[in-house]
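# Observations on the model geometry
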Amino acid sequence: MVHHPPLGPTIPTRRIRTSGKPGQKALTTLLALGSLFLSLSPLLVAVDLYADNRPVAAQAVTSTIQVGGAGRWPVSLAINPNTNRVYVVNQRSNNVSVIDGSTNSLLPTVRVGSYPEGIGINQNTNRIYVANRFSNNVSVIDGDTNSVTATVNVGTSPRGIAVNPDSNRIYVANEIGNSISVIDGATSSIVATVTVGVYPFGPVDIAVNSATNRIYAVDGRSNNIWVIDGASHTTVTTTTVSVGTYPSAVAVNPRTNYIYVGNAWPSPSMVVIDGTTNRLVATVDVGPSATGPGSIAVNASTNRTYVGNDGTVSVVDGVSNTVTATVRVGGGAQGVAINPVSNRVYVANHATVSVIAGTTNDIVAKVSVGSGPQDIAVNSVTNRIYSANGMNNSVSVIDGATNAVAVRIDLGYAPAGIAVNYTTNRIYVARYWENVSVLGHTVSVIDGINDGVVETVTVGSWPRAIAINPVTNRIYVANEFSGTISVVDGAANAVTAAVAVAALPWAVAVNPNTDRIYVASYYGIVSVIDGPTSSVVGSLRVGAYPTALAVNPSTNRIYVSNNSDDTVSVIDGDTNTVAATVRVGSSPRGVAVNASTNRIYVANQASHTVSVIDGASNRVLTTVGVGRSPIGVSVNRATDSIYVANWDDDTVSVITDHGRLWGDVNGDDAVDAGDLAVVAASFNSPATDSKFNLYADINGDGIVDILDLVIVGVTFGKRR
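Criteria and thresholds
Residues numbered from 1 in each chain as written. Predicted model: local features only at pLDDT ≥ 70, side-chain atom pairs only at ≥ 80, totals over all residues. Heavy atoms only, no water. Pairing = 2+ DSSP bridges. Helix = DSSP H or I, 4+ residues; strand = E, 2+ residues; numbered from the N terminus. Axes fitted to C-alpha atoms, helices over the stretch in contact; angles between N-to-C directions. Contact = heavy atoms within 4.5 Å. Buried < 20%, exposed > 50% of the residue type's maximum accessible area, 1.4 Å probe, protein only. Phe/Tyr/Trp six-rings, centres within 6.5 Å; stacked < 30°, edge-to-face > 60°. Polar contact = N/O pair within 3.5 Å; in protein donor to acceptor, adjacent residues only side chain to side chain.

### Here's the deal with the sheet that holds strand S18 (residues 247-253)
The four strands lie next to each other as S18-S19-S20-S21, forming an open sheet whose pairing is antiparallel. Strand pairing shows two members of the sheet lacking a second neighbour, S18 and strand S21 (279-284), which therefore form its edges. With strand direction ignored, the average angle separating the axes of adjacent strands in the sheet is 25°. Strand direction decides the pairing type here: strand S19 (residues 258-263) and strand S20 (residues 269-274), joined by six bridges, are antiparallel. Residue pairing for S20: Ile 259 is matched across the bridge by Ile 273.

What follows is the structure, given as structure tokens:
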């Protein structure tokens, strides 16, 4: 039997305990001040109730790496995200520097041909291709051994090089030979030559869109862009777009099918072309430069383009086509490359490589847990994080203050889904195997105070996922082989109902405000269960192979990760219809919501990343590289931390969310008396009341009440 790590969604439940030391201390203080704040509420003025999240922080160089030696001129780079190695072409020393991306340390250099310039990588085969301008050939480097395994003769003065990993074809731009050489990556031999350019001057840079199998070459002297069909190796057209003078760099975003062309002089700029229509979309002023854009790189995951100028890198937003940041690097800034997994940007300067952090969501820690972590849950009140480790039959308990494992709880065979009830401080773990040959049918109940198993509840066959309604204290367990949802009474630890849903339920989530339960099944169906009656009241179709769900009770939106088509379906809970479909990384598994910031976090298993979605626009804001094979994700709203369970490297990544602080009602980056005053102004108002304030309903239970005051008390004094 092939073992596939299961995943149940982690839905942070939202009502806060009013007992226990943190709650008692906060409650005592708040009750003493409560009447004062309520009496002041009519006087509250000029409170920004709907302040936006923090602006994007300026990007900066995080480290500088010496390569090549003085005067050796690193001119271009390429990255294999699978191995996290960076390859830097040193033009005047005729070699390639190899950087370990995890440590920024240099590995042995590789000698190539004469005056190397362009470089490309096929990450599928781990082969690196270097265009040697003066020796008129291409060096083929084996990424496993860092040695040249072949040398392929091409046209005269090869400069740019691009790789289509899907077809295993390598395209070489020969400037003086006014041609493009096509290399078969399997045999390292020329299979076609395409004539482009105006003799004796031809293409200087080249890019591939693997999604459309189109190759784009820029001809600096005729100011043309040549479009080549990758199947027939024939010229499709030259664009009629006026791209400016002396185009010298080109890059492609395969997701948007936009082509970016850098014009060197006399007016340095970058033009944006729609690859579907070959029409000009925008012209971007990328800032002052003596030589114009020397290199362009695109991060398709974040939809950002990085333009290497003389001493700076311009960061261009792919939606607005505007420069959002300018990062000062070393002199030259000739080459730019991106690792989409780590979201690090590498820039080749005259003698160094600058490393830029490409995101404002920072990984602050990586915690080693048990083997095969596959789901994760957070108790924001106790600041404890629970990792279900499917391969060593345990739950790791992480202290959120220190990011260290405080306790290991040994369970029976193969824990899968995990969820926390804030109000009772109970943790529920679905066990999908009893032993190596018997399917699981139980849920373990852990006491969050003494970290011990206090009950075992028999449910359906092969329980995969689990979710909780903290208001009703009901636990919902998705039983894959039974095709049912077990409804467990949290007070009695007994099953009260078994609800039949669509075949092979994989994930479950709850909206405590509406008391609706959402179940995602293998065949792309989401069933909607009414909590009071435990009956199915609706169903709808989503994407292919949905594996996780999460709910934002404040907006009544449900998010479904569709593993086979790399999307997230956004369901409108009022109409039970799909309101939007968002493309994320490869093989999305876990999904979690931070209702305070209205951001959604999606763990992309095959991309080794987390996509961050803005819930207002349904747009991916950024992509954060995490550990290998992330499949579970959860949010701690009290600390602005996101926890990601990485299946393949047995770790949990901790990401900081730069959105609104939990308890920061007025958005001024501090939890203080102003926030207490705002909560007081709408105190005791339900969602239907005109006084109701979405931000004051911090725990998202549909009413501004004492529990929201307690949250402000727990986080009182926190600042950015």
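### Quick look at the side chain of Ser 444
Summarising the element assignment, Ser 444 is placed in strand S36 (residues 439-447). Among all residues touching Ser 444, those that are not within four sequence positions of it are Leu 411, Ile 427, Tyr 428, Val 429, Arg 431, Val 453 and Glu 455.

### Examining the environment of Thr 103
Structurally, Thr 103 can be placed in the loop between strand S4 (95-100) and strand S5 (105-111). Overall, the relative accessible area of 49% leaves Thr 103 in the partly exposed class. Placed 19 residues apart in sequence, Thr 103 and Asn 84 show a C-alpha to C-alpha distance of 9.8 Å.

### Here's the deal with the sheet that holds strand S31 (residues 384-389)
Sheet strands pair by backbone hydrogen bonding; their relative direction is either parallel or antiparallel. The four strands are arranged S30-S31-S32-S33 in an open sheet whose pairing can be described as antiparallel. If you trace the sheet from one side to the other, it starts and ends with strand S30 (373-379) and strand S33 (404-410), each paired once. This sheet shows a mean twist of 25° between the axes of neighbouring strands, independent of strand direction. Pairing geometry for S31 and strand S32 (residues 394-399), over six bridges, is antiparallel. Bridged to Arg 384 within S32 is Asp 399.

### Concerning the packing of aromatic side chains
Counting across every chain of the model gives five aromatic pairs. Ring geometry for Trp 506 against Tyr 545: centres 5.4 Å apart, planes inclined by 75°, an arrangement best described as edge-to-face. Of this pair, Trp 506 sits in strand S42 (residues 505-511) while Tyr 545 sits in the loop between strand S45 (535-541) and strand S46 (546-552), placing them 39 residues apart in sequence. With relative accessibility at 3%, the residue Trp 506 sits in the buried group. Of the aromatic side chains, those joined through ring pairs into one cluster are Trp 506, Tyr 522, Tyr 523 and Tyr 545.

### Side note on helix H2 (residues 673-681)
Every buried residue of H2 is accounted for by Asp 675, Leu 676, Ala 677, Val 678, Val 679 and Ala 680. The N-cap of H2, judged by a side-chain oxygen 3.1 Å from the amide nitrogen of Gly 674 a few residues on, is Asp 672.

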